[in-house]
Amino acid sequence: MPNSYQGTKLKVFALNSSPELAQEIVNHLGTELGKCTVKKFSDGEIQINIEESVRGCEVFVIQSTCDPVNQSIMELLIMIDALKRASVNTINVVIPYYGYARQDRKAQPREPITAKLVANLIQKSGADRVITLDLHAPQTQGFFNIPVDQLVGIPLLADYLNTKDFTHDVVVVAPDHGSVTRARELADRLKAPIAIIDKRGPKDFGPREVNVVGNIEGKTAIIIDDIVDTSYRITTAAKALLDNGAEEIYACCIHPVLSEPAIDMIQESQIKELIVTNSIPLTEEKRIDKITQLSIAELLSDAISRVYEHKSVSVLFK
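Predicted, not measured: the structure shown is a model, and the values here were computed from it.

S.K.: Now, about the pairing of strand E11 (residues 220-228): what can you tell me, with residues and values included?
M.R.: Counting buried positions along E11 gives nine out of nine residues, so the element sits mostly inside the fold. Of the pairings in the sheet, the one linking strand E8 (residues 170-174) to E11 comprises four bridges and is parallel in character. Each residue of the ladder has a partner; that of Val170, found in E11, is Thr220. Where E11 and strand E12 (residues 248-256) come together, eight bridges link them in parallel fashion. Looking across to E12, one finds that Ile222 is bridged to Tyr250.

In structure tokens, the structure reads:
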């Protein structure tokens, strides 16, 4: 990566969801954020003005489609349209957290596939490429007919966990069967075994039977998930692990959605530390002592640099 992209055709713009992350990214790239304003009319309509020439430029727009999700998506779509009308060369959208990703299939009759709808909107508005991080369902890449670079956050979490001096042997825990691949990847990097939380019974009717598959007795258990939303899944998993003989509990995830009542549940749980990334910014009330936030800025800046210089991005997937 060159020392600076100042004065080149690379332009990076930030919208309202990720300004701090975007500033970190341009600091790594050795350039400045593009000048734009995002305002609201009195009725809530969004207005975007690009305040510098972008003609012929390779533009990267940083925007996690997180809370407020619909506003974040509309900001992104309007920005893409504005850039297209300003005669840019390419429009690359960097979406650290892809909202609606959990609605990736029809789980029951007459349901929409909203993750596909959002992909259609991004494409139709004029995006040329998507750079994202740990999609909830990897097949969401196939909803797009443009290049999608899906970066992975597990190495960042593993690097942090490898610096910790745990007093007991470590076991990595998948909070359900759908998280086994992710747990195995983290376990390989920590050179640790895995365990699985096995839940039986209907989701919507009363308590479910919870069993732990794997040896956790006397060990430090590290729960891994891609998203922590209400935190119900990781806190109930933590209780089950302690009830079955684990000594201490840590948890980690890529995307800290942390909707109500997540913060209270985490505070009251036996989880010693929750490690997350800044794919979603943490508001002040969510910055509690139990939560450690790691930055993905260097990873995203590397991806932007490689795309701009027409180099392979695949090395960043490892």
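Having put the structure on the table, let's press on.
S.K.: Can you tell me about the UniProt feature "active site" (unreviewed entry) in the protein, naming the residues and giving the values?
M.R.: When the UniProt feature table is mapped onto this chain, "active site" (unreviewed entry) is found at Lys199. With respect to the element layout, Lys199 can be found in strand E9 (residues 194-200).

S.K.: Go over the packing of helix H4 (residues 154-161) against helix H5 (residues 180-190), please, and point to the residues and values.
M.R.: Here H4 crosses H5 at 40 degrees, and the two axes come no closer than 9 Å. Here H4 lies oblique to H5, going by the angle between them. Note that H4 runs across H5; the crossing there is right-handed. Touching Ile154, Pro155, Ala158 and Leu161 of H4 are Arg182, Glu185, Leu186, Arg189 and Leu190, all from H5. The residue makeup of the contact of H4 with H5, split by class, is six nonpolar, no polar and three charged.

S.K.: Can you break down the nonpolar core residue by residue, with the values?
M.R.: With 47 residues, the main nonpolar core has Phe60, Val172, Leu186, Leu190 and Ile222 as its most contacted residues. Per-element tally for this core: the top contributor is helix H8 (residues 297-308), with six residues. Built from parts of two domains, this core gets at least three residues from each of domain 1 (10-151 + 297-316) and domain 2 (154-287). If we ignore the near neighbours within four places in the chain, the residues touching Val172 are Ala183, Leu186, Ala187, Leu190, Ala192, Pro193, Ile194, Ala195, Ile222 and Ile224. If you look at the next biggest cluster of nonpolar residues, it comprises 32 residues, including Leu15, Ile46, Val54 and Val93.

S.K.: How would you explain the sheet that holds strand E6 (residues 129-133) if you had to name every residue and give the values?
M.R.: Ordered in space as E1-E4-E5-E6-E7, the five strands form an open sheet in which the pairing is parallel. Of all strands in the sheet, those with a lone pairing partner are strand E1 (10-14) and strand E7 (148-151), marking the two edges. Between one strand axis and the next, the sheet turns by 20 degrees as a mean value, whatever way the strands run. Direction of pairing for E1 relative to strand E4 (residues 58-62): parallel, over a ladder of five bridges. Note that in E4 the partner of Ala14 across the bridge is Ile62. The sheet contacts of helix H1 (residues 19-29) involve E1 and E4, and relative to E1 the element is tilted by about 160 degrees.

S.K.: Give a detailed account of the pattern of salt bridges, specifying residues and quantitative values.
M.R.: Two side chains bearing opposite charge may form a pair once their charged atoms approach each other closely. Following the criterion strictly, the structure yields 14 salt bridges and no others. Between Glu52 and Lys11 there is a salt bridge, and its shortest N-O distance comes to 2.6 Å. Of this pair, Glu52 sits in the loop between strand E3 (46-50) and E4 while Lys11 sits in strand E1; the two residues are 41 residues apart in sequence, bridging distant segments of the chain. The closest approach of N and O atoms between Arg105 and Asp104, which form a salt bridge, is 3.2 Å. Classification of Asp104 as buried rests on a relative accessible area of 8%. The structure contains a network of salt bridges with shared partners spanning Glu20, Glu284 and Arg287.

Reading the values: rules and limits
Along each chain, numbering runs from 1 in the same order as the chain's sequence is written. Given that the model is predicted, a residue must reach a pLDDT of at least 70 before its local features are reported, and side-chain atom pairs must reach 80 or more before they are shown or counted; all residues, however, enter totals for whole chains, interfaces and linings. The side-chain quantities take in all heavy atoms of the structure and omit both hydrogens and water. Buried, partly exposed and exposed residues are distinguished by accessible area as a fraction of the type maximum, computed with a 1.4 Å probe on protein chains only: under 20%, between the cut-offs, and over 50%, respectively. Helix and strand labels come from DSSP, where a helix needs a run of H or I of at least four residues and a strand needs a run of E of at least two; each type is numbered from the N terminus. Pairing between two strands is assigned when DSSP locates at least 2 bridges connecting them. UniProt positions are given in the numbering used here, feature names are shortened, and annotations may be inferred rather than shown by experiment. Here, axes are lines fitted to C-alpha atoms. For helices the fit covers the stretch in contact, and angles between N-to-C directions go from 0 to 180 degrees. Comment on the angle field: the value is read as roughly parallel under 35 degrees, roughly antiparallel over 145, roughly perpendicular from 65 to 115, and oblique elsewhere. In this scheme, a crossing is called left-handed if the near helix is turned counterclockwise away from the far one by less than a right angle; it is called right-handed if the turn is clockwise. In what follows, a contact means two residues having at least one pair of non-hydrogen atoms within 4.5 Å. Classes in brief: Ala, Val, Leu, Ile, Met, Phe, Trp, Tyr, Cys and Pro nonpolar; Asp, Glu, Lys and Arg charged; the others, Gly included, polar. Only buried Ala, Val, Leu, Ile, Met, Phe, Trp, Tyr and Cys residues count toward a nonpolar core, and they belong to the same one when joined by side-chain atoms within 4.5 Å. Domain boundaries shown here were taken from an automatic or database domain assignment. In what follows, salt bridge is the name for a side-chain nitrogen of Lys or Arg lying within 4 Å of a carboxyl oxygen of Asp or Glu.

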